Amino acid sequence: MKYYEELLEKGCFNREDLAELTGSKAAAQSLIYDYQRKKYIERVKRNLYVAISLETKQPVCNRYQIGSRLFEDACISHHSAFEVYGYANQVFYECYVATESRFTDFEYNGVTYHRIEKKPWICTMKTGKVTVTSLEQTVVDSIRDFDKIAGLEEIIRCLMLVPSLRELELLKCLKDNDNGFLYQKCGYIFQELKEELKLSDEFYKECKRFCPDSKRYLMKEEQDNVWNENWGIYTPSSIRKLIDKGVTDYDAI
């Protein structure tokens, strides 16, 4: 157990970390074999390991800490980022990780890790041992990709838990995306939540500057779409009901 306490402190580590700790690649490989056999560590994926608590027999790192260590540039994003901030309506058995490095979805300790392509402009922050997209980045990314991750109703529920947002940071995230339809989607959703988010009139005016003239559908598969003249977008009428009812199940509306 010569290195066990140090590995507990690291939490997650790779062969390079162990080589630095032990003094050589050969010693690191020997340590991996020995500690895996003794169940002091577990393999998460290729070249990533996690220390195991001798008391609980569970990994000492949570899914967000593990996701942050998958690659040097990895950060927690989308719904998983809402979970990190404590603004998720529910916790998924999935962890969304933004990184430039490609990897196939994999499962570890009951959690499936999904890769999200990391955009060059993405804004991140560090909270403890977790690297996560900024709150404003999380909001914009989640609205952009709601049809792929979590769904609109869950994103709205998350937004209703957010105490405040920085307008300039939101506008920066929108500008970086350079997508007129995203301005429409965000403008509409934020305005529907104006009592909760308390964004200024100037913010909405700025969003409208970049909205396209074309008419779009927020959710094409919906049958109850209504025209929103303000944002030039067709939206489900049930979204307003969802917001009015707070945590009422969307499917029950």
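Look a little higher up for the structure.
Residues numbered from 1 in each chain as written. Predicted model: local features only at pLDDT ≥ 70, side-chain atom pairs only at ≥ 80, totals over all residues. Heavy atoms only, no water.

**A few points about the pairing of strand S7 (residues 111–117)**
- Two elements, strand S5 (residues 94–99) and S7, share six bridges in a ladder whose sense is parallel. Looking at the pairing, Tyr96 lines up with His114 of S7.
- Judged from the three bridges that link them, strand S6 (residues 106–108) and S7 form a sheet pairing that is antiparallel. Bridge pairing in S7 links Glu107 to Thr112.
- As consecutive antiparallel partners, S6 and S7 are separated by two residues, and within that stretch Asn109 has a phi angle of approximately 55°, a positive value. (Pairing = 2+ DSSP bridges. Helix = DSSP H or I, 4+ residues; strand = E, 2+ residues; numbered from the N terminus.)

**Remarks on helix H3 (residues 25–37)**
- In this model H3 runs 18 Å from its N-terminal to its C-terminal C-alpha over 13 residues, within 8% of the 18 Å that 1.5 Å per residue would give.
- Among the residues making up H3, those that are buried are Ala28, Leu31, Ile32, Asp34 and Tyr35.
- Packing partners of the buried residues in H3 comprise helix H1 (4–10), helix H2 (15–22), strand S2 (41–45) and strand S3 (48–51).
- One or two positions beyond H3, positive phi appears at Lys39, with a value near 65°. (Expected span 1.5 Å × (residues − 1). Buried < 20%, exposed > 50% of the residue type's maximum accessible area, 1.4 Å probe, protein only. Contact = heavy atoms within 4.5 Å.)

**Side note on the sheet that holds strand S1 (residues 12–13)**
- Read from one edge of the open sheet, three strands run S1-S3-S2, paired in antiparallel fashion. Two strands bound the open sheet, and with one partner strand each, they are S1 and S2.
- Two strands pair when backbone bridges link them, and S1 and S3 are joined in this way by two bridges, in the antiparallel orientation. The residue bridging Cys12 from the neighbouring strand is Val50, located in S3.
- Sitting on the sheet, H3 is in contact with S2 and S3, with an inclination near 110° to S2. (Axes fitted to C-alpha atoms, helices over the stretch in contact; angles between N-to-C directions.)

**Quick notes on unusual backbone geometry**
- Residues other than glycine seldom take positive phi values, yet Asn47 does so here, at roughly 60°.
- Despite not being glycine, His78 shows a phi value in the positive range, around 55°.
- Relative to the elements of secondary structure, His78 occurs in helix H5 (residues 78–85).

**Details of the pairing of strand S9 (residues 130–133)**
- Because side chains alternate across S9, one face comprises the buried residues Val130 and Val132, and the other comprises Thr131 and Thr133, equally buried.
- Note that strand S8 (residues 124–127) and S9 share four bridges and pair antiparallel. Along S9, the bridge assignment pairs Lys126 with Thr131.
- Hairpin geometry of S8 and S9 is characterised by an intervening segment of two residues between the two adjacent antiparallel strands and by a positive phi of about 65° at Gly128.

**Some details on the sheet that holds strand S12 (residues 233–236)**
- The mixed open sheet is built from three strands, whose spatial order is S10-S12-S11. Either end of the sheet is taken by a strand with one partner, and the two such strands are strand S10 (216–217) and strand S11 (225–228).
- Packed onto the sheet, helix H9 (residues 180–192) meets S10, S11 and S12 and runs at close to 45° relative to S12.

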